[in-house]
Amino acid sequence: LGVKPSSVTETFQKLSAQGFLEYIPYRGVKLTDGGKKIADKIIARQNTLRRLLLYMGLPKELSETESKKLELAITDEVVNCIWVFLKNQEVGG
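This section reports on the structure supplied with the text. Because the structure is predicted, anything quoted here is derived from the model rather than measured.

Quick word on the overall build of the protein
Of regular secondary structure, the protein possesses 4 helices and 2 strands. Secondary structure elements of the protein occur, N-terminal to C-terminal, as α-β-β-α-α-α. Taken against the 2.2 N^0.38 rule, which gives 12 Å for 93 residues, the C-alpha radius of gyration of the protein at 17 Å runs more than 25% over that of a compact globule. Over its C-alpha atoms, taken along the principal directions, the protein stretches across nearly 50 × 30 × 20 Å. Sorting the 93 residues of the protein into buried and exposed places 17% on the buried side. By sequence separation, contacts in the protein at least 24 residues apart represent 38% of the contacts at least 6 residues apart. When the accessible surface of the protein is split by element, carbon and sulfur atoms take 59% of a total near 7,300 Å². Across the protein, the 14 positively charged side chains and the 11 negatively charged ones have centroids separated by 3 Å.

What to know about helix α1 (residues 5–17)
The end-to-end C-alpha distance of α1, which contains 13 residues, comes to 18 Å, matching closely the 18 Å that a straight helix rising 1.5 Å per residue would cover. Positive phi appears at G19, one or two residues downstream of α1, with a value of about 85 degrees.

Focus on the side chain of Q46
Turning to its location among the elements, Q46 is positioned in helix α2 (residues 33–55). On the basis of relative accessible area, Q46 is assigned to the buried category, the value being 18%. Those residues in contact with Q46, other than ones at most four positions away along the chain, are S67, K68 and E71.

Basis of the calculations
- Residues numbered from 1 in each chain as written.
- Predicted model: local features only at pLDDT ≥ 70, side-chain atom pairs only at ≥ 80, totals over all residues.
- Heavy atoms only, no water.
- Helix = DSSP H or I, 4+ residues; strand = E, 2+ residues; numbered from the N terminus.
- Rg over C-alpha atoms; globule rule 2.2 N^0.38 Å.
- Buried < 20%, exposed > 50% of the residue type's maximum accessible area, 1.4 Å probe, protein only.
- Contact = heavy atoms within 4.5 Å.
- Areas by Shrake-Rupley, 256 points an atom, 1.4 Å probe, with all protein chains shown as cover.
- Lys, Arg positive; Asp, Glu negative; His and termini not counted.
- Charge placed at Lys NZ, Arg CZ, Asp CG, Glu CD.
- Expected span 1.5 Å × (residues − 1).

And the structure:
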């Protein structure tokens, strides 16, 4: 990925200090409950955006890469509106 090991270690240490993961040098990392909650939220946001892009006709591969970019740029309110829209589309047709 072109990332220096020292940068990865530093990031793990920061996330560990913030309580998002448990970091054991040379052993690995494990998400804490707080870290899992944030990861689940990010995944749900990306899934909602991916579903919208697929609904709009984008190919699967492009919708996957673009949903990750969009997830970083829009608010929870917008994602929630999209989720409701998609839910209504499933019910309505």
